[in-house]
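# Summary of structural features
Below are the chains, spelled out letter by letter.
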Amino acid sequence: MAHITVKPGTQADFEAGVQKALPLFQRARGFHRLELHHVIEHPEQYVLQIHWQTLEDHMEHFRKSEDFQSWRALVGGFFEKAPDVVHTQVVGE
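To keep things clear, this report deals only with the structure shown in the data block. The structure presented is a predicted model; accordingly, all values stated were derived computationally and were not measured.

Another aspect to go through is the overall build of the chain. Looking only at helices and strands, the chain has three helices and four strands in total. Ordered by position from N to C terminus, the α and β elements of the chain give β-α-β-β-α-α-β. Radius of gyration (C-alpha) of the chain: 13 Å, near the 12 Å computed for a compact globule of 93 residues. C-alpha extents for the chain along the principal axes are approximately 35 × 35 × 20 Å. Relative to its 93 residues, the chain shows a buried fraction of 32%. Between the averaged position of the 9 positive side-chain charges in the chain and that of its 13 negative side-chain charges there is a distance of 6 Å.

Written out as structure tokens, the structure is:
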């Protein structure tokens, strides 16, 4: 889960960049799905939820890949600051 703050006025371009990057994730090992949530109360804030089969699929396989570099090239310029990334596990539904 990544908490992302974008530069004011770049929301539409950031969202378009995430859509353009979707194939990078879809072909990644262990990828299940991606959800981009826009925080209503804070227009520059987003929560990007990416569901991976394992932590290793994200940290070892995707983060060290050329596709990760392409992802950052597509959206990194819109970040106000570095995203706050955490990994979670479901403990109740």
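This next bit is on the layout of surface pockets. Space inside the largest pocket adds up to approximately 630 Å³. Around the largest pocket, the lining is made up of 27 residues, and of these Met1, Ile50, Trp52, Val86 and His87 lie nearest the centre. The set of elements that each furnish at least two residues to the lining of the largest pocket consists of strand S1 (2–5), strand S3 (45–52), helix H2 (55–62) and helix H3 (66–75). No other element matches the five residues that S3 contributes to the lining of the largest pocket. Across the lining of the largest pocket, the residue classes break down as 17 nonpolar, eight polar and two charged.

It is worth spelling out the nonpolar core at this point. Across soluble globular proteins, nonpolar side chains show a tendency to be buried alongside one another. If you look at the biggest cluster of nonpolar residues, it comprises 21 residues, and the most contacted ones within it are Ile4, Phe14, Phe25 and Trp71. Where this core is concerned, the elements lending two or more residues are S1, helix H1 (11–26), strand S2 (31–38), S3 and H3. Among the elements that line this core, the one with the most residues is H1, at five residues. Dropping the residues within four chain positions of it, Phe14 is found in contact with Ile4, Val6, Leu36, Tyr46, Val75, Phe78 and Phe79.

Viewed as axis vectors pointing N to C, H1 and H3 meet at an angle of 170°, and their least axial separation amounts to 9 Å. As far as their axial angle goes, H3 and H1 are roughly antiparallel. Listed contacts from H3 to Phe14, Gly17, Val18, Lys20, Ala21, Leu24 and Phe25 of H1 are Asp67, Ser70, Trp71, Leu74 and Val75. The residue makeup of the contact of H1 with H3, split by class, is eight nonpolar, two polar and two charged.

Calculation criteria
- Residues numbered from 1 in each chain as written.
- Predicted model: local features only at pLDDT ≥ 70, side-chain atom pairs only at ≥ 80, totals over all residues.
- Heavy atoms only, no water.
- Helix = DSSP H or I, 4+ residues; strand = E, 2+ residues; numbered from the N terminus.
- Rg over C-alpha atoms; globule rule 2.2 N^0.38 Å.
- Buried < 20%, exposed > 50% of the residue type's maximum accessible area, 1.4 Å probe, protein only.
- Lys, Arg positive; Asp, Glu negative; His and termini not counted.
- Charge placed at Lys NZ, Arg CZ, Asp CG, Glu CD.
- 1 Å grid on protein atoms, 1.4 Å probe; cavity = no way out; pocket = protein on both sides within 12 Å on 5 of 7 lines; lining within 4 Å.
- Points joined across faces, edges and corners; volume = space filled by probe spheres on them.
- Nonpolar A, V, L, I, M, F, W, Y, C, P; charged D, E, K, R; others polar.
- Core = buried A, V, L, I, M, F, W, Y, C linked by side-chain atoms within 4.5 Å.
- Contact = heavy atoms within 4.5 Å.
- Axes fitted to C-alpha atoms, helices over the stretch in contact; angles between N-to-C directions.
- Parallel < 35°, antiparallel > 145°, perpendicular 65-115°, else oblique.

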